[in-house]
Amino acid sequence: MKIFSAEQLYEADKITVEKQEITTEALMERAGIQIFQWLNRRLNGAPVPIRIFCGIGNNGGDGLVLGRLMIEHGYNVIVYVVNCSDKRSKNFLLNYDRIKNVTKKWPTLMKGEADFPEIGSEDIIVDAIFGIGLNRCPGGWVKKLIQYLNESKAFKLAIDIPSGLYANLPLEDKEAVLKANHTLTFQTPKLSFFLPETAPFVSNFDALEIGLDIEFLQTTEPLAQLISKPEAQRFYKPREKFDHKGTYGHALIIAGSYGKIGAAVLSTTSAFRIGAGMVTAFVPKCGYNILQTTVPEAMVITDKEEEFISEIAFDIEPSAIGVGMGLGKNKATVAALKVLFQKKDIPLVIDADALNNISENKDLLKLLPKNSVLTPHPGELKRLIGEWKNDYDKLEKAKKFSEKHEVVLVIKGAYTITVFSNKLYINTTGNPGMGTAGSGDALSGVITGLLSQGYDQLLASVFGVYMHGRAGDIAAGQMGYEAIMAGDVIDNLSEAYIDLFAREEETTNNSAEKS
Ligand SMILES: NC(=O)C1=CN([C@@H]2O[C@H](COP(=O)(O)OP(=O)(O)OC[C@H]3O[C@@H](n4cnc5c(N)ncnc54)[C@H](OP(=O)(O)O)[C@@H]3O)[C@@H](O)[C@H]2O)[C@@H](O)CC1
Ligand SMILES: Nc1ncnc2c1ncn2[C@@H]1O[C@H](COP(=O)(O)OP(=O)(O)O)[C@@H](O)[C@H]1O
Ligand SMILES: [K+]
């Protein structure tokens, strides 16, 4: 699924109206009906008070449509107009009249703090104050209203986007954003839904199809691409009957130091589980017995040093290399990396201490083979690209870094974002249970294992991140978040493959994974 900017969505809106020969009010009605149906399915006629706070633009218009439909279906609805200015959009006004025709009285006009209503904890708040047309930070009593709503224990449903959040611009004032419990967004989610500073305001979301022009959606270059199951299915390379282990390549995992040999074990295992034909682990001597015992399927090459890697020399011909997990920062290791980076013809995944070594020895950056995959968590990223002012600044810096050094950057986190040149790929799988030592090592092994099977660097990254997260989600389904260990994620890579083509089950809610 594509993620578009607010500007692109306005354009889509315009083109849709022209091509489908409908009015903008008809499009708003479609949007309102979608929200009504979503809410009606869940409430099923319950008499709970529904308080709809409408702004004076088209987001407010959506709120008015919803209000009218809910009232017509017998719900207990109170509609407020948040009079943040005396302007009104055309479709707001139209629906303002329409709701009056149904209720025979005007919605409650709010002009200041004195008008804030009492809200029960069982009520439902619908936030239709500002949508993607927000053009400045909410201030004055409107900001106070947002804070007042946030303090309420009532369930908060945001229409299109939580009020106060921009679709694709950084947060200005986190005190002036509605903290939704759920967001119903139109057609496609917005970029802010996936970034650490802004995503918490959105919580769960559903993207509601409102029939925007398909040709526009298909042909327009998006801000980012969302990676869910349909995309992952397209990435998958099926196996052929007469394939053999040579077909699936030979992954080399260069990892581990004294006390951190587990990192090598995890990456080696995950490279196997994702399907590498052969895996060799290159470890310091102290890792030999451990690797041979824990992963008997792997071959092992040892460094001449007992406790760290000092010279990366091997006489095998790997089809992909993953380096850095638990490697440590010994000077000799840095020198060894320098030599490794001269091997320009083998696809490379660079993680953890290999990244830290690069950050501390920036001359290594210039040596990076083209299209190498770098997999930093936020701390490692900061050391690589420098501090950022906000999430959007971070993405710009990451794009520049990727372009300049011609590398794939996999920025790990709740929504892992793969950056390649100026393109962004946002992953939708994974869960907080994966915040556990070694789950990053598992990911490096996965990407290396995919590279060894012939996936290119971008595909291996994006597909690998999806599969790793999916395996984590399956693990969470079996054991909850807290108990998950990295090994459980790896063990479930098999289920993640099976799940890839399993028939979709009905899930209760959410998100890009479903929509
Ligand atoms: N294609 C689609 O996806 C579809 C979109 N649809 C819906 O349209 C929504 C976008 O509507 P929109 O363009 O009218 O903008 P919206 O968000 O209602 O607010 C703009 C108003 O707020 C005002 N304003 C702004 N900031 C302010 C501030 N800080 N403090 C105070 N005022 C502020 C601004 O006033 P002004 O700057 O002119 O003074 C203007 O009047 C979209 O989110 C979706 O819900 C669907 O109906 C159909 C299909
Ligand atoms: N809240 C979360 N939601 C989704 N994925 C997560 C979450 N927390 C961590 N992860 C994933 O777990 C992995 C953690 O990697 P990393 O921090 O490098 O761990 P380690 O260094 O211990 O191996 C990353 O792939 C990251 O995306
Ligand atoms: K809103």
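Rules used throughout
Residues numbered from 1 in each chain as written. Chains lettered and ligands numbered in written order. Predicted model: local features only at pLDDT ≥ 70, side-chain atom pairs only at ≥ 80, totals over all residues. UniProt positions renumbered as here; feature names shortened; annotations may be inferred. Helix = DSSP H or I, 4+ residues; strand = E, 2+ residues; numbered from the N terminus. Rg over C-alpha atoms; globule rule 2.2 N^0.38 Å. Buried ≥ 20, exposed ≤ 12 C-beta atoms within 10 Å, placed from the backbone. Contact = placed C-beta atoms within 7 Å. Axes fitted to C-alpha atoms, helices over the stretch in contact; angles between N-to-C directions. Parallel < 35°, antiparallel > 145°, perpendicular 65-115°, else oblique. Nonpolar A, V, L, I, M, F, W, Y, C, P; charged D, E, K, R; others polar. Near = placed C-beta within 6 Å. Pairing = 2+ DSSP bridges. Core = buried A, V, L, I, M, F, W, Y, C linked by C-beta atoms within 7 Å. Domains from an automatic or database assignment.

- Under the annotation held in an unreviewed UniProt entry, the protein carries the name Bifunctional NAD(P)H-hydrate repair enzyme and is attributed to Aequorivita lipolytica.
- According to the UniProt record, the Subunit (unreviewed entry) comment for the protein reads "Homotetramer."

Considerations on the overall build of the protein
- In terms of regular secondary structure, the protein is built from 20 helices and 18 strands.
- What you see for the protein is a C-alpha radius of gyration of 26 Å, in line with the 24 Å of a compact globule of 515 residues.
- A principal-axis box enclosing the C-alpha atoms of the protein has dimensions of 85 × 45 × 45 Å.
- For the protein, with 515 residues in total, the buried portion stands at 49%.
- Of the contacts made within the protein by residues no fewer than 6 positions apart, 75% connect residues no fewer than 24 positions apart.

Topic: the packing of helix H17 (residues 457-479) against helix H19 (residues 493-500)
- Following both chains from N to C, one finds H17 and H19 inclined at 105°, their axes separated by 8 Å at the closest point. By the angle between their axes, H17 is roughly perpendicular relative to H19. Contacts between H17 and H19 pair Met-467, Arg-470, Ala-471 and Ile-474 from the former with Leu-493, Glu-495, Ala-496 and Asp-499 from the latter.
- A class-by-class count of the residues in the contact of H17 with H19 yields 5 nonpolar, no polar and 3 charged.

Some remarks on the site of ligand 2
- Near ligand 2 lie 18 residues; those nearest to it are His-377, Gly-430, Met-434, Gly-435 and Gly-440.
- Here the shell around ligand 2 gets 4 residues from one element, more than from any other, and that element is helix H16 (residues 439-452).
- Of the residues assigned to the shell around ligand 2, the class counts are 6 nonpolar, 10 polar and 2 charged.

Details of the site of ligand 1
- The environment of ligand 1 is made up of 33 residues, and the closest members are Gly-57, Asn-58, Asn-59, Gly-131 and Gly-133.
- Listing elements by their share of the shell around ligand 1, those giving two or more residues are helix H1 (6-19), helix H2 (24-43) and helix H3 (58-72).
- With 5 residues, the single largest contributor to the shell around ligand 1 is H3.
- Taken together, the residues that form the shell around ligand 1 break down as 16 nonpolar, 12 polar and 5 charged.

Description of the UniProt feature "domain: YjeF C-terminal" (unreviewed entry) in the protein
- Feature annotation in UniProt places "domain: YjeF C-terminal" (unreviewed entry) on residues 228-500, given in this structure's numbering.
- Within the segment residues 228-500, helix and strand shares are 46% and 14% respectively, and the terminal C-alpha atoms sit 10 Å apart.

Examining the sheet that holds strand S6 (residues 155-159)
- With respect to topology, 7 strands assemble into an open sheet ordered S4-S3-S2-S5-S6-S7-S8, the strand pairing being parallel. Of all strands in the sheet, those bounded by a partner on one side alone are strand S4 (108-110) and strand S8 (204-208). Pairwise comparison of adjacent strand axes, ignoring direction, gives a mean angle of 20° for this sheet.
- Where strand S2 (residues 50-54) and strand S5 (residues 124-128) come together, 5 bridges link them in parallel fashion. Across the sheet, residue Phe-53 finds its bridge partner in S5, namely Asp-127.

What to know about the nonpolar core
- Judged by nonpolar contacts, the single largest core of 154 residues is most densely connected at Ile-52, Val-82, Val-126, Ile-253 and Ala-264.
- Of the residues that make up this core, three or more belong to each of domain 1 (2-222) and domain 2 (232-514).
- Not counting chain neighbours up to four residues away, the residues in contact with Ala-264 comprise Ile-253, Ala-255, Gly-256, Ala-281, Val-283, Gly-287, Leu-291, Met-325 and Gly-326.

Overview of the domain arrangement of the protein
- Partitioning the protein into structural domains gives domain 1 (2-222) and domain 2 (232-514).
- Relative placement of domain 1 and domain 2: their C-alpha centres are 40 Å apart.
- In the side of domain 1 that touches domain 2, the residues fall into 9 nonpolar, 2 polar and 2 charged.

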